[in-house]
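# Coordinate analysis (summary)
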Amino acid sequence: MSESKVKLIIDGTETETVIDQKGKSILEVGIDLGLDPPYSCQGGICTSCRAKVLEGQVHMDVNHALSPREVEKGYVLTCQSHPVSERVVISWDE
Ligand code: FES
């Protein structure tokens, strides 16, 4: 099982956690931790869960909503995102 050290930044609060790369989405982990991340569809369509990757890499299962330009800038749909690199920093505040 591969895991990543992930820092989640929401409303100026930083939370460190470890996430299974093949497990729950980054959004689900944030919900489980009680961080109250924004979301709606959980299907990669609405962009409510959008956040920016500040460090490391994540993989999105599907992306029906973000433009190539947003993806280029590092934005991801956290409901579809799983960490890929050993260390990831992701912020909902950007
Ligand atoms: S919650 Fe709708 S795209 Fe993630």
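Now for a look at the structure at hand. Just so you know, these numbers come straight off a predicted model, no measurement behind them.

Right, let's get into the overall build of the protein. A count of helical and extended segments in the protein gives two helices and seven strands. Beginning at the N terminus, the succession of helices and strands in the protein can be written as β-β-α-β-β-α-β-β-β. By principal-axis analysis of the C-alpha atoms, the protein measures approximately 30 × 25 × 20 Å. Counting across all 94 residues of the protein, residues that qualify as buried make up 43%. For the protein, long-range pairs separated by at least 24 residues make up 52% of all intrachain contacts whose partners lie at least 6 apart in sequence.

Let's shift gears to the pattern of salt bridges. For side chains bearing opposite charge, pairing can occur when the charged atoms are close. Under the definition given, this model contains five salt bridges. For the salt bridge of Lys7 with Glu14, the shortest nitrogen-to-oxygen distance reads 3.2 Å. Residue Glu55 is joined to Arg87 by a salt bridge in which the shortest nitrogen-to-oxygen separation is 3.9 Å. Separated by 32 residues along the polypeptide, Glu55 in strand S3 (residues 50-55) and Arg87 in strand S7 (residues 87-91) bring together distant segments of the chain. What makes Arg87 partly exposed here is its relative accessible area of 27%.

For the rest of this paragraph, the subject is the side chain of His82. As for its placement among the helices and strands, His82 is situated in strand S6 (residues 81-83). Within polar-contact distance, the side chain of His82 engages the backbone oxygen of Gly23 at 3.3 Å. Beyond its immediate stretch of four places on either side in the chain, His82 contacts Gln21, Gly23, Lys24, Ser25, Ile26, Val58, His59 and Asp61.

The rules behind each value
- Residues numbered from 1 in each chain as written.
- Predicted model: local features only at pLDDT ≥ 70, side-chain atom pairs only at ≥ 80, totals over all residues.
- Heavy atoms only, no water.
- Helix = DSSP H or I, 4+ residues; strand = E, 2+ residues; numbered from the N terminus.
- Buried < 20%, exposed > 50% of the residue type's maximum accessible area, 1.4 Å probe, protein only.
- Contact = heavy atoms within 4.5 Å.
- Salt bridge = Lys/Arg side-chain N within 4 Å of Asp/Glu carboxyl O.
- Polar contact = N/O pair within 3.5 Å; in protein donor to acceptor, adjacent residues only side chain to side chain.

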